[in-house]
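Letter by letter, the chains look like this.
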Amino acid sequence: GFPRIISFDMGGTSTDVALVEGTPATSNESRVADLPVSVPMLEIHTVGAGGGSLARFDRAGALRVGPESAGADPGPICYGRGEKPTVTDAHLVLGRIPECGFLSGDFPLDISRTRKWMERSRGSMRTVEQFAQGIVDVANAVMEKAIRVISVERGHDPRDYALVAFGGAGGLHACDLAAALRIPRVIIPRLPGGLSALGILRADVVHDYSRTVRHSVSTVGSARRALASEFANLEARGRATLREEGFHGPRSRVIRLLDMRYTGQAYELMVRESGDFLAAFHRAHEQRYGYSDSTRAVEIVNVRARVIGLTPKPKLDRLPRTTKSTGRVPVETRTAFFNGRELKTLVFDRANLCPGEKLVAPAVISEYSATTLIPPGWQGTVDTWGNIILAHQAGNAARGRGSVAR
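Residues numbered from 1 in each chain as written. Predicted model: local features only at pLDDT ≥ 70, side-chain atom pairs only at ≥ 80, totals over all residues. Heavy atoms only, no water.

J.: Describe the pattern of salt bridges, naming the residues involved and giving the relevant values.
T.: Inspection of the entire model under this criterion finds 21 salt bridges. Between Asp58 and Arg64 there is a salt bridge, with its nearest N and O atoms 2.9 Å apart. Judged by relative accessible area, Asp58 falls into the partly exposed class, the value being 23%. Judged by relative accessible area, which is 41%, Arg64 ranks as partly exposed. Between Arg115 and Glu129 there is a salt bridge, with the nearest N and O atoms lying 2.8 Å from each other. One end of the pair, Arg115, is in helix α2 (residues 111–121); the other, Glu129, is in helix α3 (residues 128–150), with 14 residues separating them in the sequence. Given a relative accessible area of 33%, Arg115 falls into the partly exposed group. Residue classification places Glu129 among the buried residues on the basis of a relative accessible area of 16%. The structure contains a network of salt bridges with shared partners spanning Arg214, Arg261, Glu268 and Glu299. (Salt bridge = Lys/Arg side-chain N within 4 Å of Asp/Glu carboxyl O. Buried < 20%, exposed > 50% of the residue type's maximum accessible area, 1.4 Å probe, protein only. Helix = DSSP H or I, 4+ residues; strand = E, 2+ residues; numbered from the N terminus.)

Now the structure itself:
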């Protein structure tokens, strides 16, 4: 029910964001390790901000977070070996991660050790809690900028999208980021720490073929006829490769794409070769760069054929509705800090939440692979697929008591 989404994957060392309108977008101008890669890739923007990102003060006294990471060894302070504060340590000090730890309590966290080392590192900050809030705020600023790159800077209004947050730490920052960008909905999927693995299982086999043509477009029809043989050759090569890999007939499909530009430009935009692709190019140029000119000469630089082998998809089951739920019984009641205020916060086990239940802030949802924070001003609902749908509620910011209701 959410065709337009911004994906937000926050793990231990980095955060990956992408914008999806129906289908994932690809780019031919990506960068990996600051090196240009001119082959088709999913259009994902990555920044060095994760649960293990290190916090420090620079020479000017400004607080910095990342891109350096504590990694798995030594890891955050609370894991028992690290000595430098991280984003994970900040959340623990603020009461946003249960002290029983991760992996359903099998990985305990050391709060006293965390406070000791953060006290040594807090610089001019008055309290450890203020230092921890500063770390979270700086990390949020880095990730907010990343989301702006793939949305606002490319002509998309974040208010038209839902933020899908996953990875072990995604749910801890999602609502703050959504509020900053005025994104109306946050979706926390089932098993958020394993969503990338599910994506691999659901991924199709894709081969991309391209050829440079430099063809001036007078009309859509004449351009389509002139390029028909080029597409046919690319598609024949792609289908032959798919047959060798065991994909036949209905298990394969082809998408035709064009790299187009106004004559004289040094950059192209990729559009589908379907319908009135010339009008589609003008619209894409308007959205990306803020202007278009339907009277200006247009040329096709490259033709592309994306040949796809369709793989079997794991079945996703809906959760059964039940009138007997233990979800409304918190596993813990604790004090957590929100914008410098201590608020009574309930901790719930996600495994006990059933479809239809409502979650009122502030609350922490703990599960095996991730932790989700519902800050003041937000409330959530569990849908029939087991996703938690969070929405901002005007007027709820002053509430300090978490609860679950049918």
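J.: An account of the pairing of strand β2 (residues 15–21) is requested, with residue identities and associated values reported.
T.: Burial runs high along β2: five of the seven residues are buried. Relative to β2, strand β1 (residues 4–10) runs antiparallel, the two being bridged by seven bridges. What sits directly across from Ile5, in β2, is Val20. If you look at the hairpin formed by β1 and β2, you'll find four residues sitting between the two strands. In this structure, β2 lies alongside strand β8 (residues 45–47), joined through three bridges in antiparallel fashion. When the sheet's bridge partners are listed, Val17 is paired in β8 with His45. Bridge count between β2 and strand β3 (residues 23–24): two bridges; the pairing is antiparallel. For Val20, the partnering residue across the bridge sits in β3 and is Pro24. Connecting β2 to the antiparallel partner β3 that follows it, the hairpin turn spans one residue, and Gly22 within it adopts a positive phi of roughly 85 degrees. (Pairing = 2+ DSSP bridges.)

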